[in-house]
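# Structure at a glance
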Number of protein chains: 2
Amino acid sequence: MGEFDLIKRFFTRPSTQVLGVGDDCALLAPTAGMQWAVSSDMLVEGRHFLSTVAPERLGHKALAVNLSDLAACGATPRAFTLALALPRIDEAFLDGFARGLFALADAHGIELVGGDTTAGPLNICITVFGEVPPGQALLRSGAQTGDDVFVSGTLGDARLALEVFRGTLSLLGDGFDSVRRAMELPQPRVALGQALRGLASSAVDVSDGMLGDLGHILQRSGVGATVQADSLPRSALLQTLPIELQRQFGLAGGDDYELVFTAPESTRAAVEAAAAGVGVAVTRVGRIDAEPGLRLTDAQGQVLPARYGSFDHFKS
Amino acid sequence: MGEFDLIKRFFTRPSTQVLGVGDDCALLAPTAGMQWAVSSDMLVEGRHFLSTVAPERLGHKALAVNLSDLAACGATPRAFTLALALPRIDEAFLDGFARGLFALADAHGIELVGGDTTAGPLNICITVFGEVPPGQALLRSGAQTGDDVFVSGTLGDARLALEVFRGTLSLLGDGFDSVRRAMELPQPRVALGQALRGLASSAVDVSDGMLGDLGHILQRSGVGATVQADSLPRSALLQTLPIELQRQFGLAGGDDYELVFTAPESTRAAVEAAAAGVGVAVTRVGRIDAEPGLRLTDAQGQVLPARYGSFDHFKS
């Protein structure tokens, strides 16, 4: 099977969005008056996924981490491109990968509109396109003193799964399956992001670790924050671990793909209603301060040392 | 230096197009009424470039091959994203790469609006965005019986350079520098593509080899073609080689990033004037036939065997 057969067999489906199929570019018609949100993420084996991941889950995750960026901006997903470097043509891999990829694409009503395949060390690069009404995108720069800090879903399970794979911790069957799902099948908070337009003052998705990603908001907004470490939403399983590991994984685990966002106290009820409306739990974990920097406290309000580093692809 | 320092130091420049900098997505405002043209290309060492390429030229080429896709659609470039996997942080490499990349971006008035960096085997994935008035994009599907077949620039020099690198041919200093430039510094025919809107009936860029890429037009358009092999535009240097190598490299060399396009005979003068207007040579090399398939002839009109294969990333 050659390059063009591969594309035809695994990645070609009927399209309603692309005007002209099989050309050098995909042609798309933006919705009149909308802004475009664009994001690109590259996944490399050993960094973003392990060799043990099922191809179907890898297809899901590759698109999910990109959709998570659209979610953080409150954008409505429209389309994506896929560039894929493969060591060899492995039909079972491609079949599973495409199945996972398209299942998530279908769930969000978006189309694969173009891309590239080549031989090379396994590498997956997806670029997503979404739309957002002018001025309504959630940015990192809008947090204000006194705002609540919220987190969606739960944090830390993906990191727990990684530690089990690394052999530093062990978990029994069902528990491992559950945290492995968190790592391999993250659910991008697309509906929540859209529901937060006009309510949240800033947002970011948690890819490198909650504290580091919240740090981006603080930096862009020129504010600080106090986070109550033990108020972080954690799975029942994570809560069986020593408190220090719960804090480590929740605050700085990474690979969570939840949203961290801020909102004025006056919209607190509306935020909670919006989240309930899309079926996503949100938890208030802190507040924005005028004083720069990030302060951690425990449940008793005692200040904790801020020693929870964030993930950096060139440092870890 | 970490991931965020790397992005800040090498890839951050003042932006006029992006609404909101440093967010999870880049936000862009499409020009009202225009369609968006999107293309994504991934470059892998040993496949799309050799380890001997200067970083500055690699930065140029990575963007050039993407702009070439916009050129083939007649689109006006607007912006691009860059995802980069690097084995390690090599400042000299990044400095050169960024210089070559931004020099070409500046030449086309486009901005880097977002992207990703990660550790991993060297891989460069660029996605470009352009705009085109509705219905005016050049497609592969519009060729009609009787149309002229044109090629821009010259073909075959990039392949000649590759063969010198492979050691199958040798060239003296100046000659090698010249073909090496063709391989490492392709000039995307963006202005020509735009000038051909409303004139050309179909177009494609030559990345895998002229015959193979013209074959995409024939397939999409449901037509055939006769190409006069020895009318293919070739550099003076290529013309010093045996005729069989000239044909091989010109017809199927690949990596040329010229445009192959068709146009009705009635627009021939207008096509030539449009090309002259943007300072790009175009050469008429054949005609579109109703009979499917591609026929090659020599200068005397004798039919040549069609044995010139195109490049396939999973077959070569």
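Residues numbered from 1 in each chain as written. Chains lettered and ligands numbered in written order. Predicted model: local features only at pLDDT ≥ 70, side-chain atom pairs only at ≥ 80, totals over all residues. Heavy atoms only, no water.

An unreviewed UniProt entry lists chain A under the name Thiamine-monophosphate kinase, with Roseateles toxinivorans as the source organism. Of the comments in the UniProt record for chain A, the one headed Function (unreviewed entry) reads "Catalyzes the ATP-dependent phosphorylation of thiamine-monophosphate (TMP) to form thiamine-pyrophosphate (TPP), the active form of vitamin B1." (UniProt positions renumbered as here; feature names shortened; annotations may be inferred.)

## Digging into helix H4 (residues 157–166) of chain A
Residues and elements named next belong to chain A. Taken across its 10 residues, H4 has 7 buried, putting it largely inside the fold. Among the residues of H4, Asp157, Ala158, Arg159, Leu160, Ala161, Glu163 and Val164 are the ones counted as buried. Buried residues in H4 make contact with helix H5 (173–184) and helix H8 (243–252). The positive-phi residue at the C-terminal boundary of H4 is glycine 167, with phi of around 85 degrees. (Buried < 20%, exposed > 50% of the residue type's maximum accessible area, 1.4 Å probe, protein only. Helix = DSSP H or I, 4+ residues; strand = E, 2+ residues; numbered from the N terminus. Contact = heavy atoms within 4.5 Å.)

## Observations concerning the sheet that holds strand E6 (residues 148–152) of chain B
Residue and element names in this part refer to chain B. The strand order across the open sheet formed by 7 strands is E7-E9-E6-E10-E8-E11-E12, and the pairing between neighbours is mixed. Unpaired on one side and paired on the other, strand E7 (202–205) and strand E12 (303–304) mark the two borders of the sheet. Note that E6 and strand E10 (residues 282–289) share 5 bridges and pair antiparallel. When the bridges of E10 are listed, valine 149 appears paired with glycine 286. Across the sheet, helix H2 (residues 55–73) is in contact with E7 and strand E9 (259–263); its angle to E7 comes to roughly 175 degrees. (Pairing = 2+ DSSP bridges. Axes fitted to C-alpha atoms, helices over the stretch in contact; angles between N-to-C directions.)

## Describing the relation of the copies chain A and chain B
Rotating chain A by 180 degrees and translating it 0.0 Å along the rotation axis places it on chain B, where the RMSD comes to 0.0 Å. Considering both components of the superposition, the chain copies are consistent with a two-fold axis. Most of the interface of chain A is mirrored in chain B, where 100% of its interface residues again form contacts. (Least-squares fit on C-alpha atoms with pLDDT ≥ 70 in both.)

## Describing the sheet that holds strand E1 (residues 26–28) of chain A
Strand order in the open sheet formed by 5 strands is E1(A)-E2(B)-E5(B)-E3(B)-E4(B), with mixed pairing between adjacent strands. Pairing within the sheet leaves two strands with one partner each, and these edge strands are E1 of chain A together with strand E4 (111–119) of chain B. Taken over all neighbouring pairs, the strand axes of this sheet differ in orientation by 20 degrees on average, direction set aside. As defined by bridge partners, E1(A) adjoins strand E2 (residues 35–44) of chain B across 3 bridges and the pair is classed as antiparallel. What sits directly across from Leu28(A), in E2(B), is Trp36(B). On top of the sheet, H2(B) reaches E2, strand E3 (76–86) and strand E5 (123–132) of chain B; it is set at about 35 degrees to E5(B), its chief contact. Relative to the sheet, helix H3 (residues 91–107) of chain B contacts E3, E4 and E5 of chain B, its axis offset from that of E3(B) by approximately 165 degrees.

## Remarks on the interface of chain A and chain B
Each partner contributes residues to the interface: chain A has 63 residues there, and chain B has 63 residues. Here chain A is connected to chain B by 2 salt bridges. Between Asp24(B) and Arg140(A) there is a salt bridge, with the nearest N and O atoms lying 3.3 Å from each other. At the boundary of chain A and chain B, one finds 13 residue pairs in polar contact (both at pLDDT 80 or more). If one sorts the elements of the side of chain A that touches chain B by residue count, strand E2 (residues 35–44) of chain A sits on top with 9 residues. A class-by-class count of the residues in the side of chain A that touches chain B yields 34 nonpolar, 16 polar and 13 charged. (Salt bridge = Lys/Arg side-chain N within 4 Å of Asp/Glu carboxyl O. Polar contact = N/O pair within 3.5 Å; in protein donor to acceptor, adjacent residues only side chain to side chain. Nonpolar A, V, L, I, M, F, W, Y, C, P; charged D, E, K, R; others polar.)

## Quick word on the pairing of E6(B)
All names here are of chain B. Burial analysis of E6 places 5 of its 5 residues in the buried class, the great majority of the element. In E6, alternate side chains face the same way, and those of Asp148, Phe150 and Ser152 on one face and Val149 and Val151 on the other are all buried. Bridge analysis of E6 against E9 gives 4 bridges, and the strand direction is antiparallel. When the bridges of E9 are listed, aspartate 148 appears paired with alanine 263.

## A word on the packing of helix H4 (residues 157–166) of chain B against helix H5 (residues 173–184) of chain B
Residues and elements named next belong to chain B. Relative orientation of the contacting elements H4 and H5 amounts to 115 degrees, with a least axis distance of 7 Å. The pairing of H4 with H5 is recorded here as roughly perpendicular in orientation. Two packed elements cross with a definite hand, and for H4 against H5 that hand is left-handed. Each of Asp157, Ala158, Leu160, Ala161, Leu162, Val164 and Phe165 in H4 lies in contact with H5, whose residues at this interface are Phe176, Val179, Arg180, Ala182, Met183 and Glu184. Of the residues contributing to the contact of H4 with H5, the split by class is 10 nonpolar, no polar and 3 charged. (Parallel < 35°, antiparallel > 145°, perpendicular 65-115°, else oblique. Left-handed = near helix turned anticlockwise from the far one by under 90°.)

## A short note on the UniProt feature "binding site: ATP" (unreviewed entry) in chain A
If you check UniProt for "binding site: ATP" (unreviewed entry), the listed places come out as Gly115(A), Asp116(A), Arg140(A) and Ser207(A) in our numbering. The largest pairwise C-alpha distance within this set of annotated residues, which runs over 93 residues, is 31.7 Å, so the set is dispersed in three dimensions. For Gly115(A), the location among the structural elements is in strand E4 (residues 111–119). Excluding residues that lie within four positions of it along the chain, Gly115(A) makes contacts with Leu82(A) and Ser40(B). Considering the arrangement of structural elements, one finds Arg140(A) in the loop between strand E5 (123–132) and strand E6 (148–152).

## A look at the packing of aromatic side chains
Residue and element names in this part refer to chain A. Overall, the coordinates contain 14 aromatic pairs over all chains when judged by the stated rule. The interplanar angle of 55 degrees and the centroid separation of 5.9 Å between the aromatic rings of tryptophan 36 and phenylalanine 129 together place this pair among those described as tilted. A residue pair is termed long-range when its members are at least 10 positions apart, and tryptophan 36 in strand E2 and phenylalanine 129 in strand E5 qualify at 93 residues. For the pair formed by tryptophan 36 and phenylalanine 129, the shared burial category is buried. Ring geometry for phenylalanine 150 against phenylalanine 261: centres 5.2 Å apart, planes inclined by 10 degrees, an arrangement best described as stacked. Taken as a pair, phenylalanine 150 in strand E6 and phenylalanine 261 in strand E9 (residues 259–263) lie far apart in primary sequence, 111 residues in all. (Phe/Tyr/Trp six-rings, centres within 6.5 Å; stacked < 30°, edge-to-face > 60°.)

## Considering the packing of helix H1 (residues 3–11) of chain A against helix H3 (residues 91–107) of chain A
All names here are of chain A. Running from N to C, H1 and H3 cross one another at 45 degrees; their axes reach a closest spacing of 10 Å. With respect to H3, the axis of H1 lies oblique. For the pair H1 and H3, the contacting residues are Leu6, Arg9, Phe10 and Phe11 in the first and Glu91, Leu94, Asp95, Phe97, Ala98, Leu101 and Phe102 in the second. Within the contact of H1 with H3, the residues separate by chemical class into 8 nonpolar, no polar and 3 charged.

## A look at the environment of Gly153(B)
Structurally, Gly153(B) can be placed in the loop between E6 and H4. If we ignore the near neighbours within four places in the chain, the residues touching Gly153(B) are Arg189(B), Pro233(B), Glu258(B), Val280(B) and Ala281(B).

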